[in-house]
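# Observations on chain architecture
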Amino acid sequence: MARDYNKFINEHGDYFCILPFTEICNTAQGHAKLCCYSDNVDDRNLNYEENLIDTWKTNIKLNDIRQRMIENKPVKECRRCYQYEKAGAHSMSKRLKDSIKLEENFPGSIEEMKQNKKLTLRSLDIKFGNKCNLACVMCDGGSSSLHVKEKNNNPVPQDLHQWIPPSGNDSTFDKENLQELLNQAPNLVKLKFTGGEPTLLEGFKEFIERLSQTPYAKNIDVMIVTNGTTDVTKWIDTFSKFKMFEVNWSTDGIGDAFEYIRWPGKWKKTYQIQTKFNQTIKEKGYTNIISILTSAIQLLNLDQLPKLLQYCEDAKFDWFAPVLVMWPEPLQLGIVPEHIRKQIINDCLPYTQKGDMFSEVKSFIKLIESSKSHLTWNDTKKFLTYYDNVRNLSAKEMCPIYNEIENTVQGAYSPL
């Protein structure tokens, strides 16, 4: 992938990406993003609550970003991909992977964008609202209705607002826009759905059912990111209508660690749902349905990474897809002491030799090694105290890495 990266940079510059020219991406609150990796486009009036296509094509802010990319200037909303590339994790850079794939499928597309500012809608990354039955510790009210409820009932102290937004708004995608999306089906090659929890959102359920009944479904790759609390086995036959359908299971730990991070999820139920789904797609022989274990890795679950890799293999997932948590800042990997990071990396190294299922592990190891933070362990403890108190839980008891870090900070660690 390093060779592909160097070739792409030489041909198209350090900052160009096809996604602002080919994809509509929104937040669960309806505001614009450039892709699922980007920060929110910072104009809070830029939303997709009215005509999605016209907003995407004509908005001044989006067109300014496109022009910056054409001029090979950095875009602040794209820091995640820049960070991945700087660390050498080229295979995890979305702008790189998606740009290369589009050029392979539609030769000459990039030059048309750069020379003529041509916009051609090829993909949708749609959140149909923020309804969710979990309030994950790295999430907030913008993407989880349970977070909204929790923060309304348990006001966040002022000094934590920088890391824990005090509330949010419950949001639902305007179903009148569904037909507008369906009208784009002949042009689409890729869809992604997150939330909220997409399997609980009426907009997602109606859209995927209606789209599966069109002749265009067989041309479209679909990705859904689900928290694993809904048994999606009942939708397997619908999923099979598409060219490829990826089910990404957001699972960030085993046992108690999972239940702390993805509160109030229950590990046993999630395990049963995932293993049932994996078994069923194999029994039905659907080779176009892919089951992926997607783990958002941060301070509280870094030590869980080797266990998650083994679980991926044992439960017969098709792929492991790690994601680096960059926000909230008190959960950044850079706070984890170096010797702990090195031990976890050593425990993960054997999986890099096990083939395609774990092909992203090498890149993720580079991110673990290069992660930095301006915050300290005391900031993390302060952040976690809010959740411990309002949920009557204990990060110290449920997340084993807590004590490892605590002992290091207190001087209990002695190098060998």
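This one's a predicted model, so the numbers in the text were calculated from it and none came from an experiment.

So, how was this worked out
- Residues numbered from 1 in each chain as written.
- Predicted model: local features only at pLDDT ≥ 70, side-chain atom pairs only at ≥ 80, totals over all residues.
- Heavy atoms only, no water.
- Phe/Tyr/Trp six-rings, centres within 6.5 Å; stacked < 30°, edge-to-face > 60°.
- Helix = DSSP H or I, 4+ residues; strand = E, 2+ residues; numbered from the N terminus.
- Buried < 20%, exposed > 50% of the residue type's maximum accessible area, 1.4 Å probe, protein only.
- Lys NZ or Arg CZ within 6 Å of the ring centre and 35° of its normal.
- Core = buried A, V, L, I, M, F, W, Y, C linked by side-chain atoms within 4.5 Å.
- Contact = heavy atoms within 4.5 Å.
- Salt bridge = Lys/Arg side-chain N within 4 Å of Asp/Glu carboxyl O.

## Observations concerning the packing of aromatic side chains
- Enumeration according to the criterion identifies 21 aromatic pairs in this entry.
- Here Tyr-15 and Tyr-82 contribute two aromatic rings whose centre-to-centre distance is 5.3 Å and whose plane-to-plane angle is 75°, an arrangement assigned as edge-to-face. Placement of Tyr-15 in the loop between helix H1 (2–12) and helix H2 (19–22) and of Tyr-82 in helix H5 (residues 79–86) is noted, with a sequence separation of 67 residues between them.
- Taken together, a centroid distance of 6.2 Å and an interplanar angle of 45° make the contact between Trp-267 and Tyr-271 tilted. Remark: Tyr-271 and Trp-267 occur in helix H13 (residues 267–284); sequence separation between them is four residues, near one turn of the helix.
- For Tyr-271, a relative accessible area of 38% corresponds to the partly exposed category.
- What links up through ring pairs into an aromatic cluster is the set Phe-128, Phe-193, Phe-204, Phe-207, Trp-235, Phe-239, Phe-242 and Phe-245.
- Its end group placed over the ring of Phe-106, Arg-122 keeps NZ or CZ at 3.9 Å from the ring centre.

## Here's the deal with the nonpolar core
- Membership of the largest hydrophobic core comes to 122 residues, with the highest contact counts inside it found for Phe-128 and Phe-207.
- Every residue in contact with Phe-128, bar those within four places of it in the chain, is listed here: Thr-172, Phe-173, Leu-178, Leu-181, Phe-193, Leu-201, Gly-203, Phe-204 and Phe-207.

## Looking at the pattern of salt bridges
- Here the structure, examined in full by the defined rule, presents 26 salt bridges.
- Taking the shortest distance from any N to any O, the salt bridge between Asp-125 and Lys-127 comes out at 3.2 Å. In this structure, Asp-125 and Lys-127 share a single accessibility class: buried.
- Because the salt bridges share partners, they merge into one network encompassing Glu-23, Lys-94, Asp-98 and Lys-190.

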